[in-house]
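Close look at the chain arrangement
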Amino acid sequence: MLPHEYGIEKSRRYEVESLARATRDERPGRQVNLPQTASLRLGDKAPDFTQDSTQGPIHLYEWMGESWAVLFSHPADFTPVCTTELGMVARLKPEFDKRNVKVIGLSVDPLFRHDEWAGDIAETQGVELNFPLLADADRRVAQLYDMIHPNAHPTETVRSVFIIDPKKTVRLTHTYPAATGRNFDELLRVIDSMQLTDEKKIATPANWKPGEDVVILPSVRNSEAEKLFPKGYTELKPYLRITPQPTD
Ligand code: BEZ
């Protein structure tokens, strides 16, 4: 089977299976019943693993070193949304690098499929796959990170994202459905917020973007705030004090 036929066949099978499941699942007590994996929560230690990738075997903790990591799964190789996502992450890699963040993708397809698909990504997205893609054919990592949601699809990973900090703590998780491509600018925005709020006694408000005003943590007294935020702040409420983003 040619690579593109494999992809089309997988997408078709996915749609047929999803439809069948949606119909079945409307009946009470007919949910797919697979062994439960513990889901990871914020603040948990990120499980370590060794797995094959397009850049050779990867031992997560060693590969991360002192960097942050974004580990993200996608449902299958040779599928349209995943192709655009991997192209986008490859284009944004310099932005992740600037923030000391390593990116690593995953699907449960085998390595030779990843290698074939990388050619399509370069051809259609105009960028080489410049980060590793885990070939998790034995689903070792998918199980560890609870990336298979059996009532959505029995065997393929959903679009999971884990941001892991240099201490190997899980700092963000999110899960998107298969048919919705993610917004990777949002991941960069969250990383900017986390790296700033780790350093300063502030938090970032709704829809904040780097360079915009931030809020002072409610635990900081006004007398301390005056020293910590020499540019001053506006007190809208005792718990809502706004200050320019600290730059030093
Ligand atoms: C995709 O990546 O294009 C895709 C994968 C599974 C279902 C729908 C779309």
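Overview of the structure.

Rules behind the numbers
Residues numbered from 1 in each chain as written. Predicted model: local features only at pLDDT ≥ 70, side-chain atom pairs only at ≥ 80, totals over all residues. Heavy atoms only, no water. Pairing = 2+ DSSP bridges. Helix = DSSP H or I, 4+ residues; strand = E, 2+ residues; numbered from the N terminus. Near = heavy atom within 4 Å. Polar contact = N/O pair within 3.5 Å; in protein donor to acceptor, adjacent residues only side chain to side chain. Areas by Shrake-Rupley, 256 points an atom, 1.4 Å probe, with all protein chains shown as cover. Nonpolar A, V, L, I, M, F, W, Y, C, P; charged D, E, K, R; others polar. Core = buried A, V, L, I, M, F, W, Y, C linked by side-chain atoms within 4.5 Å. Buried < 20%, exposed > 50% of the residue type's maximum accessible area, 1.4 Å probe, protein only. Contact = heavy atoms within 4.5 Å.

We now examine the sheet that holds strand β11 (residues 240-243). Working definition: the strands of a sheet are paired by backbone hydrogen bonds and lie parallel or antiparallel to each other. Judged by pairing direction, the sheet is antiparallel, and its 4 strands sit side by side in the order β8-β9-β11-β10 without closing on themselves. Because the sheet does not close on itself, it has two edges, and the strands there are β8 (202-203) and β10 (234-237).

In this section: the site of the ligand. In the neighbourhood of the ligand, 7 residues make up the surrounding shell, with Thr-79, Pro-80, Val-81, Cys-82 and Arg-159 lying closest. The contact in question runs from an oxygen atom of the ligand to an N or O atom on the backbone of Val-81, over 2.5 Å. Burial of the ligand by the surrounding chains reaches 88%, relative to a free accessible area of 260 Å². If one sorts the elements of the shell around the ligand by residue count, helix α3 (residues 80-98) sits on top with 3 residues. Taken together, the residues of the shell around the ligand sort by class into 5 nonpolar, 1 polar and 1 charged.

With 28 residues, the main nonpolar core has Val-70, Phe-72, Leu-86, Phe-96, Phe-131 and Ile-163 as its most contacted residues. Mapped onto this core, the elements with two or more residues apiece are β3 (68-73), α3, β4 (101-107), α4 (111-125), β6 (159-164) and α6 (184-199). Non-local contacts of Leu-86, meaning those with residues more than four positions away in its chain, are made with Phe-72, His-74, Trp-117, Ile-121, Leu-129, Phe-131 and Leu-133. Counting residues in hydrophobic clusters, the runner-up holds 21 residues, among them Ala-46, Leu-71, Met-147 and Phe-162.

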